[in-house]
4 protein chains.
Amino acid sequence: MKNAELWFTEYQSDNLSIGLRINKTIHSEVTEFQTLDIMETEQYGNLLVLDGCVMTTDKDEFVYHEMISHVPLHTHPNPKRVLVIGGGDGGAIREIIKHPSVEKAVLAEIDGRVIETSKEYFPQIASGLADPRVDVQVTDGIQYVKDHKGEFDVILVDSTDPIGPAVGLFARDFYQLVFEALTDDGLFVAQTESPFANQKLISQVNADIKSVFPQTHMYLAFIPTYPTGMWSFTMGSKKYNPLQDQQPQRVTGTKYYSSDVHKGAFALPPFVQELIKG
Amino acid sequence: MKNAELWFTEYQSDNLSIGLRINKTIHSEVTEFQTLDIMETEQYGNLLVLDGCVMTTDKDEFVYHEMISHVPLHTHPNPKRVLVIGGGDGGAIREIIKHPSVEKAVLAEIDGRVIETSKEYFPQIASGLADPRVDVQVTDGIQYVKDHKGEFDVILVDSTDPIGPAVGLFARDFYQLVFEALTDDGLFVAQTESPFANQKLISQVNADIKSVFPQTHMYLAFIPTYPTGMWSFTMGSKKYNPLQDQQPQRVTGTKYYSSDVHKGAFALPPFVQELIKG
Amino acid sequence: MKNAELWFTEYQSDNLSIGLRINKTIHSEVTEFQTLDIMETEQYGNLLVLDGCVMTTDKDEFVYHEMISHVPLHTHPNPKRVLVIGGGDGGAIREIIKHPSVEKAVLAEIDGRVIETSKEYFPQIASGLADPRVDVQVTDGIQYVKDHKGEFDVILVDSTDPIGPAVGLFARDFYQLVFEALTDDGLFVAQTESPFANQKLISQVNADIKSVFPQTHMYLAFIPTYPTGMWSFTMGSKKYNPLQDQQPQRVTGTKYYSSDVHKGAFALPPFVQELIKG
Amino acid sequence: MKNAELWFTEYQSDNLSIGLRINKTIHSEVTEFQTLDIMETEQYGNLLVLDGCVMTTDKDEFVYHEMISHVPLHTHPNPKRVLVIGGGDGGAIREIIKHPSVEKAVLAEIDGRVIETSKEYFPQIASGLADPRVDVQVTDGIQYVKDHKGEFDVILVDSTDPIGPAVGLFARDFYQLVFEALTDDGLFVAQTESPFANQKLISQVNADIKSVFPQTHMYLAFIPTYPTGMWSFTMGSKKYNPLQDQQPQRVTGTKYYSSDVHKGAFALPPFVQELIKG
């Protein structure tokens, strides 16, 4: 097409959008829980969209998946059992099982269609799901943590934005359940949106996690396809501190994570500290 | 998708565009002659795009195909042999063969891929191509008229915009060849773009046809997916006048064409008359 | 700007949009009744937008204003008193006062800000408002017709789309009031949206006008900046028929209207006739 | 506007765009050097666009201006004379003069219109330009450094993207001139685009700076309105190392910069290190 174009636009807020030129649509469905769209972009390869929000792309998925996984797994000295809530694309699982100490990694994803379509259209992201240490559960993550008290060293909350099926994953009651599902020295990390765009949410989530966990720490990563490009993750920990207890790098071949990046990611600009000083 | 959208945009000029929400892409290729894209729109059903220009859609194709065909075929008293140059989607052919007098309808389309993809994705438009009276030729229309002197009662130039493969179809030399390919009382019609948007082209084309044919007549139709929605067709005729020689309506079931619409379509606003007064 | 663009997009439906490149914004306000935006487009000159709908542009306003005015005023043999409801830009008034028989033209526009900003930013459209025969009333058109029984030979309903302040102007009760405000041989015309895009509305409006007036006639015009480019007007008349009683053209210098265009505009395609066959 | 929208779109690449809803255009001109547009966005306040590239906005300008300034000025132990090349909006100057040691800050901006319009429409960014220590020169920065050998402790290259007037500021010859304009222990920082989007440029610029300066260091900041949101700055230094020689924070009230952020900004992800390992 010369005079014409096909673009995907995500309205990241009422007043801000990101546009990606689309080569073709690959898959679209309305699952039991959400809309699910997969398209081929020129800029970032295949694109996964849930309920109209960019979830991941072939070209930049490494940032999110390395940072949600390797920061907590290099904070805990010996993570054996790890739970991912959400994360049906399998990217977090792929990173988790690179850690030699991990004996079991459970994926509790509410929407089986995310898992199945990721296997088909994002095979390099979903690659870890076939590992024998991985237990894939198509189930409500909230119910799953209720039913598994004291079982996990590390829990990752790899959720969509706090609309639709993920609303319950941004609530104090849920953080309490996560606390109870962790072992005595366990810790968890949740993706917690953008400090430029989601300031109220970040303040609230931080306060909620603080009210449940002895330690709360926020860190940041550059994710080009997420609103504003600045993305936050929040760790709640019973015992270990991500800087004082940082472990030497155990996995090789990372493209975003490194021991230095681990440290640097916790250096929050004052305007971000302000949001969570509560 | 809730927060996100997929839209096709045609830039009809540097400063004007039309946007159509896309459900999915259906087919894309670069043929020997042009880019060819088929998408499913929410507003108009399937959409055919050649070189970035909207060619036709399921929902509004009837206007173009009825008006390019039935006006000349209701001007000629007894059209037996009809040629369509371009028109690979088959829509003009479908209308032509509704005329009982037609013994042979030739489609001379340069790009066989347009024919094949239309058969697959626009079966209701391409439906007439299977008729035994129809002769589909994948060939250069200019060469075809050169090789068939004095053979046709009516010729339709159902071309793309005057860029790419269709440039030669908007030229005086071509109109001369069309003249020679017609019988002694033959007539032809070409789609000749929008009087709001393509004023120079219309003036030039009109002057060129006038210099070849004894009679030149312009008429108009409402086509929502074409730039400005106002589309012109120009008739060059050796003998018959579309108003004085208008035939009673011979085909039934038309959605746009009627004897009254035939007459009314030649009532040109003064600003359009100005373009062609030359 | 090289890599960047500023575009105005009107979503004409959920699935269809028109885009216009903007040179600059000129004026924006929220009046007592609606949002009002004026911008300079590259394609069509200045653009007036009310409640997010394109109302008029410098370059194509002539079509709408000539066709809403000259068709009824060339149907009535001797229009002396004319009322415009809405039409605060003044374009209809400008055309009305070209008719020598007109002694008084009243503009009943509910939103005085439309009148004032049109005078400032569309002086060539608003030019007629200063004529001594013109009486500008900033008032509710519905109340105005209630208060002026039997006074007008011709009434034009030059309204916005049937949302916001114009909702009441697309209702049977209003057509009854218009009937009563007309003289015994009076007639009225309303703009009645696009036969491609607003089919239910057209059917309803036509039925409503038919239930009040002895004669109902629809006609069409090409308006590039309105959805689909095909626009309808509906006439309700007590006595005169727009074809049988058509008057010779009384005004000169028109760019769209002519006696032939007058006739041709009533030639409705069968799919449009179907909408109003009721 | 309800059904319509006005958006500014920057095509950050052929396949990637950012969109900002526009309340109104404020100023547009073609200066001697570039196009210059100022608009009011809903998301980020006033927006400055040069040659179609977002330069700065009211709401996120603090990141860029603090990071281009305070990192080098907290690396040099006693910066007295500072030069900004480009930076006509004045934001870098505003930050520079917060350092008590600074005796003179020169702004060498080639386009005086950037300075003048910033004073008018971004008064809080341009505020420092009135300080008595500031010397504003409307001049070619390349010529300026040629003419001022050995004069500056710190030089900031606060340029537009490497198209148009800024092309010469991304060249080895220029870095050599910058080297010569610095004092014996001087250092400079240039904005050096996005590691996600401009990988070749970053590799080249890094190699060029390395070939001139004993030390080269890259650091990163989150800038939501720049392509991908990940922005790089590159320091070339004759003597001081930004980590080993980091000075205690001398300025208060920063929103992005802190001593921790200073350190963390140099923690480059492996994929970024790869670009500059040369």
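What counts, and at which threshold
Residues numbered from 1 in each chain as written. Chains lettered and ligands numbered in written order. Predicted model: local features only at pLDDT ≥ 70, side-chain atom pairs only at ≥ 80, totals over all residues. Heavy atoms only, no water. 1 Å grid on protein atoms, 1.4 Å probe; cavity = no way out; pocket = protein on both sides within 12 Å on 5 of 7 lines; lining within 4 Å. Points joined across faces, edges and corners; volume = space filled by probe spheres on them. Nonpolar A, V, L, I, M, F, W, Y, C, P; charged D, E, K, R; others polar. Contact = heavy atoms within 4.5 Å. Buried area = accessible area lost by both parts, 1.4 Å probe. Salt bridge = Lys/Arg side-chain N within 4 Å of Asp/Glu carboxyl O. Least-squares fit on C-alpha atoms with pLDDT ≥ 70 in both. Polar contact = N/O pair within 3.5 Å; in protein donor to acceptor, adjacent residues only side chain to side chain. Helix = DSSP H or I, 4+ residues; strand = E, 2+ residues; numbered from the N terminus. Pairing = 2+ DSSP bridges. Phe/Tyr/Trp six-rings, centres within 6.5 Å; stacked < 30°, edge-to-face > 60°. Buried < 20%, exposed > 50% of the residue type's maximum accessible area, 1.4 Å probe, protein only. Lys NZ or Arg CZ within 6 Å of the ring centre and 35° of its normal. Core = buried A, V, L, I, M, F, W, Y, C linked by side-chain atoms within 4.5 Å. UniProt positions renumbered as here; feature names shortened; annotations may be inferred.

**Some thoughts on the layout of surface pockets**
Looking at the largest pocket, its volume works out to about 700 Å³. Looking at the largest pocket, it is lined by 31 residues, and the ones nearest its centre are K263(B), G264(B), K263(C), G264(C) and A267(C). Considered class by class, the residues forming the lining of the largest pocket number 13 nonpolar, eleven polar and seven charged.

**Regarding the interface of chain D and chain A**
Counting residues at the interface gives 39 residues for chain D and 39 residues for chain A. Buried surface at the junction of chain D and chain A, both sides included, amounts to about 3100 Å², of which 67% is carbon and sulfur. A per-residue breakdown of the area chain D buries against chain A is headed by N15(D), F196(D) and F222(D), which together make up 22% of the total. Counting across the chain D and chain A interface gives zero salt bridges.

**A word on the relation of the copies chain D and chain C**
Once chain D has been moved 0.0 Å along the axis and rotated by 179 degrees, it coincides with chain C to within an RMSD of 0.0 Å. A rotation of that kind, with that shift, is consistent with a two-fold axis. Interface overlap between copies: 100% of the residues of chain D at the interface are likewise at the interface in chain C, consistent with a symmetric, same-surface contact.

**What to know about the interface of chain D and chain C**
With 24 residues of chain D at the contact, the number on the chain C side is 24 residues. Together, the buried faces of chain D and chain C total about 1900 Å²; carbon and sulfur atoms form 54% of this surface. Here chain D and chain C share zero salt bridges between them. Run the count over chain D and chain C and you get eight residue pairs in polar contact (both at pLDDT 80 or more). Elements with a minimum of two residues in the side of chain D that touches chain C: β1 (4-13), β2 (16-30) and β3 (35-41) of chain D. Per-element tally for the side of chain D that touches chain C: the top contributor is β1(D), with eight residues. Partitioned by chemical class, the residues of the side of chain D that touches chain C number eleven nonpolar, seven polar and six charged. Pairing of strand β1 (residues 4-13) of chain C with β1(D) involves seven bridges; the strand directions are antiparallel. Paired with L6(C) across the bridge in β1(D) is F8(D).

**What about the packing of aromatic side chains?**
Counted according to the given criterion, the structure contains 58 aromatic pairs over all chains. Ring centres of Y219(A) and F266(A) lie 5.0 Å apart, and the angle between their planes is 45 degrees; this geometry places the pair in the tilted category. Placement of Y219(A) in strand β11 (residues 215-222) and of F266(A) in the loop between α8 (259-265) and α9 (270-276) is noted, with a sequence separation of 47 residues between them. Taking 5.3 Å as the distance between ring centres and 80 degrees as the angle between the ring planes, the aromatic pair formed by F62(B) and F271(C) counts as edge-to-face. Remark: F271(C) occurs in helix α9 (residues 270-276) and F62(B) occurs in helix α1 (residues 61-73); the pair is interchain, linking two chains. The burial state of F62(B) is the same as that of F271(C); both residues are buried. Members of the aromatic cluster, joined through ring pairs, are Y64(A), Y219(A), Y226(A), W231(A), F233(A) and F266(A). When the ring centre of F62(C) is taken as origin, the NZ or CZ atom of K255(C), which lies over that ring, is 4.4 Å away. Between R81(D) and the ring centre of F152(D), over which it is positioned, the NZ or CZ distance is 5.7 Å.

**Focus: the nonpolar core**
Formed by 216 residues in total, the largest nonpolar core has its most connected members in M67(A), M67(B), M67(C) and M67(D). Apart from residues no more than four positions distant in its own chain, M67(A) is found in contact with P72(A), Y219(A), L220(A), A221(A), F233(A), Y256(A), Y257(A), V261(A) and A265(A).

**Concerning the relation of the copies chain D and chain A**
In screw terms, the move from chain D to chain A is a rotation of 180 degrees and a rise of 0.0 Å along the axis, fitting with an RMSD of 0.0 Å. Of the residues that chain D buries at the interface, 100% are likewise interface residues in chain A, meaning the two copies contact each other through the same surface.

**Topic: empty space enclosed by the protein**
In this structure the tally under the stated criterion is ten cavities of 30 Å³ or more. Approximately 550 Å³ is the volume attributed to the largest cavity. Taken together, 28 residues form the lining of the largest cavity, with T9(A), Y11(A), T9(B), T9(C) and T9(D) sitting closest to its centre. Of all the secondary structure elements, the ones that give two or more residues to the lining of the largest cavity are β1 (4-13) and β2 (16-30) of chain A, β1 (4-13) and β2 (16-30) of chain B, β1 and β2 (16-30) of chain C together with β1 and β2 of chain D. Residues that form the lining of the largest cavity fall into these classes: twelve nonpolar, twelve polar and four charged.

**Section: the UniProt feature "binding site: spermidine" (unreviewed entry) in chain A**
Residues and elements named next belong to chain A. Under the present numbering, the feature "binding site: spermidine" (unreviewed entry) in UniProt falls on H65, D89, D158, S159, T160 and D161. Positionally, H65 belongs in helix α1 (residues 61-73). Look past the residues within four positions of H65 in its chain and what remains in contact with it is T56, D89, G91, A92, R94, E95, I125 and D158. Examined against the element boundaries, D89 turns out to sit in the loop between β6 (81-86) and α2 (91-96). On the basis of relative accessible area, D89 is assigned to the buried category, the value being 7%. Discounting residues that sit within four places of it in the chain, D89 has contacts with L48, T56, H65, V114, S118, I125 and A126. Among the polar contacts listed, one links the side chain of D89 to the side chain of H65, at a separation of 3.3 Å.

**Considerations on the UniProt feature "active site" (unreviewed entry) in chain A**
All names here are of chain A. Look at the UniProt record and you will see "active site" (unreviewed entry) annotated at D158. Mapped onto the elements of the fold, D158 is located in strand β9 (residues 152-158). In this structure D158 touches Y64, H65, I68, V84, I85, G86, G87 and A92, once residues within four positions along its chain are discounted.

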